[in-house]
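Here's the letter readout for the chains.
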Amino acid sequence: MTIAVPGRTATAAPYLPWNRPSIGPEEEEEVLDTLRSGWLTHGPKATRFEEAVRDALGVQDAFAVSSCTAAVHLGLLAAGIGPGDEVITPSLTFCAVPNAVVQCGAAPVFADVDPVTFNLDPATARAAITSRTKAITVMHYAGQPCDLAAFRTLADEHGLLLIEDAAHALHAWRDGARAGSVGDLSVFSFYANKVITCGEGGMLAGRGDLVEQARLLGRHGIDSSAWRRHGQRRTADYEVTVPGLKYTMPDITAAVGLRQWQKLGAFTAARAEIAATYDQALAGLPGLHLPTVLDGVRHGWFLYPVLVDPASGRTRDTVAQALLEVHGIGTSVHFTPVHRLAAYRYLDTHLPVTEQIAAQQLSLPCYPAMTAADVQRVTDALHALWR
Ligand SMILES: Cc1ncc(COP(=O)(O)O)c(C=O)c1O
């Protein structure tokens, strides 16, 4: 993969991107094996990937799909969420969940986040519940799980569906519960920059009845998978029982995912080591707020998010610009709040904590392909900017 290198920088060092996937010969061999096998679409490898995720989470079922967005869309459709329904969601997240809610004909209701973890706040979610609310979606920001126990209780008290957007948290725990194992449904992303990747891909996991319905909806509404029909040598013999969509993960993609899955523990350990180095090296820079990890959390460290307090005389944007232009270091922002995006401004939502975090937040490079020298380059650059 060629990484786009932004224009001129003042450093001779090669551009250090914000993120870069770690793909090895194992993934290459598994893809070749698939290409040579005669079966390219959703089949034995996608099924093995589903079983691995299902068993690791200890949930009833999992369905490998083309993206996390597809998983959300299918999960909402499977749960029967539609016109007249409301779904509570954080705004400090990617647009995938709110977009899928709208695509189902339902309305997203944005609630504010906790200022320490940047996760949806159970109290603000509770306050947003109305007679139309059907579901709460939470997102485990950066890889630190939200208060899963509180959200489970809240959802059960009000008879709501709990959906975990675990796109950042494939390998994270809170009070012994793994992210993705508590909701009625959980969704994961294997997009190119994610915890593990297969380029594009996602997983829907959770309650057996809902995942089964999602599986039906995600393969056109056809009552039996192509792989099973192939096994029975009756490929043309099928029925469409509901008008569905096409969201299945092909085996070419699952081949990459299976090999990445085997590396998940090592990847998380590498991310945690980088985070520990940042914690130590950046502590004490005035106005640079480092992430707080709550007791009982095993953080997945998909992101290393810092806040730049403008009272320090710098802003997030001036720091990002100097890191790029002077030091050749890429960063990212998570996120522009969804309620501030053009498609959602009509809602006229105001979320003070979300807006304050979004104005100051910067994601530093934190991924397994980074060397110790790369990490030091980032910390040295920040120290230089703070001098
Ligand atoms: C929190 C979150 N949810 C969902 C998604 C969507 O994932 P995908 O691109 O696999 O649809 C992303 C992608 O960046 C994300 O960050």
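Calculation notes
- The residue count restarts for each chain, going from 1 along the sequence in the order it is written.
- Where local features are concerned, this predicted model is filtered to residues with pLDDT of at least 70; where side-chain atom pairs are given and counted, the filter is 80 or more; whole-chain, interface and lining totals use all residues.
- Side-chain metrics in this entry use all non-hydrogen atoms of the structure; hydrogen atoms and water are not considered.
- UniProt positions are given in the numbering used here, feature names are shortened, and annotations may be inferred rather than shown by experiment.
- Secondary structure counts use DSSP, requiring at least four H or I residues in a row for a helix and at least two E residues in a row for a strand, with both numbered from the N terminus.
- Buried residues are those whose accessible area, probed at 1.4 Å on protein chains only, stays under 20% of the maximum for their type, while exposed residues exceed 50% and partly exposed ones sit between those limits.
- We call two residues in contact when some of their heavy atoms are within 4.5 Å.
- Under this definition, polar contacts are N or O atom pairs within 3.5 Å; protein pairs additionally need one hydrogen-donor-capable and one acceptor-capable atom, and for neighbouring residues in sequence, both atoms have to be side-chain atoms.
- We call a residue near a molecule or strand whenever a single non-hydrogen atom of that residue lies within 4 Å of it.
- For every accessible area listed, the method is Shrake-Rupley and the probe measures 1.4 Å; residues are considered covered only by the protein chains on display.
- All amino acids are sorted into three groups, where Ala, Val, Leu, Ile, Met, Phe, Trp, Tyr, Cys and Pro are nonpolar, Asp, Glu, Lys and Arg are charged, and the leftover types, Gly among them, are polar.
- Helix span is expected to be 1.5 Å times the residue number reduced by one.
- Directions are taken from the helix axis to each C-beta atom, and the arc is the one they span.
- Stacked, tilted and edge-to-face are the three classes assigned to paired rings of Phe, Tyr and Trp, where Trp is represented by its six-membered ring and a pair needs centres within 6.5 Å; plane angles under 30 degrees give stacked, over 60 edge-to-face, the rest tilted.

The protein chain is annotated in an unreviewed UniProt entry as dTDP-4-amino-4,6-dideoxygalactose transaminase from Streptacidiphilus jiangxiensis. Word for word, the UniProt comment on the protein chain under Cofactor (unreviewed entry) is "pyridoxal 5'-phosphate".

*Asks:* Is there a simple way to think about the UniProt feature "modified residue: N6-(pyridoxal phosphate)lysine" (unreviewed entry) in the protein chain in this case?
*Replies:* Using the residue numbers shown here, the UniProt feature "modified residue: N6-(pyridoxal phosphate)lysine" (unreviewed entry) corresponds to Lys 194. With respect to the helices and strands, the residue Lys 194 is situated in the loop between β8 (185-189) and β9 (202-206). Owing to a relative accessible area of 15%, Lys 194 belongs among the buried residues under this scheme. The contacts of Lys 194, once residues within four sequence positions are left out, are Ala 167, His 168, Ser 189, Arg 271 and Phe 302. Reaching out from Lys 194, the side chain makes a polar contact with the side chain of Asn 193 at a distance of 3.0 Å.

*Asks:* Honestly, the site of the ligand in this entry has me stumped. Any pointers?
*Replies:* Among the 15 residues in the neighbourhood of the ligand, the closest are listed as Cys 68, Thr 69, Asp 165, Ser 189 and Lys 194. Ser 189 has a polar side-chain atom sitting 2.7 Å from an oxygen atom of the ligand. With the chains in place, 92% of the 390 Å² that the ligand exposes on its own is no longer accessible. When grouped by side-chain class, the residues that make up the shell around the ligand number seven nonpolar, six polar and two charged.

*Asks:* Would you take a moment to explain helix α1 (residues 25-37) for this structure?
*Replies:* The periodicity of an α-helix, 3.6 residues per turn, causes residues three or four positions apart to be oriented the same way. With 13 residues, α1 ought to run about 18 Å at 1.5 Å a step, and its terminal C-alpha atoms sit 18 Å apart, in line with that. The set of residues buried in α1 consists of Glu 27, Glu 30, Val 31 and Thr 34. Around the axis of α1, the buried residues are gathered within 100° of arc, so they sit on the same side. Along α1, the residues that are exposed and aim more than 90 degrees away from the buried face are Glu 28, Glu 29 and Arg 36. Looking at the packing, one finds that the buried side of α1 touches α2 (44-57) and α9 (251-262). Following α1 by one or two positions, Gly 38 adopts a phi angle in the positive range, close to 90°.

*Asks:* Even after reading the chapter, I still don't get the packing of aromatic side chains, so can you show me in this structure?
*Replies:* The description of an aromatic ring pair rests on the distance of the ring centres and on the angle between the ring planes. Per the stated rule, a full pass over the model turns up seven aromatic pairs. Aromatic side chains Trp 18 and Phe 302 sit 6.5 Å apart centroid to centroid with 80° between the ring planes, which places their arrangement in the edge-to-face category. Of this pair, Trp 18 sits in the segment before α1 while Phe 302 is found in the loop between β11 (297-298) and β12 (304-308), placing the two residues 284 residues apart along the sequence. Note on Phe 118 and Tyr 141: the rings are 5.3 Å apart at their centroids and 75° apart in plane angle, and the pair reads as edge-to-face. In this pair, Phe 118 is assigned in the loop between β3 (107-111) and α5 (122-127) and Tyr 141 in the loop between β4 (133-139) and α6 (148-158), connecting sequence segments 23 residues apart. An identical accessibility class is assigned to Phe 118 and Tyr 141; each is buried.

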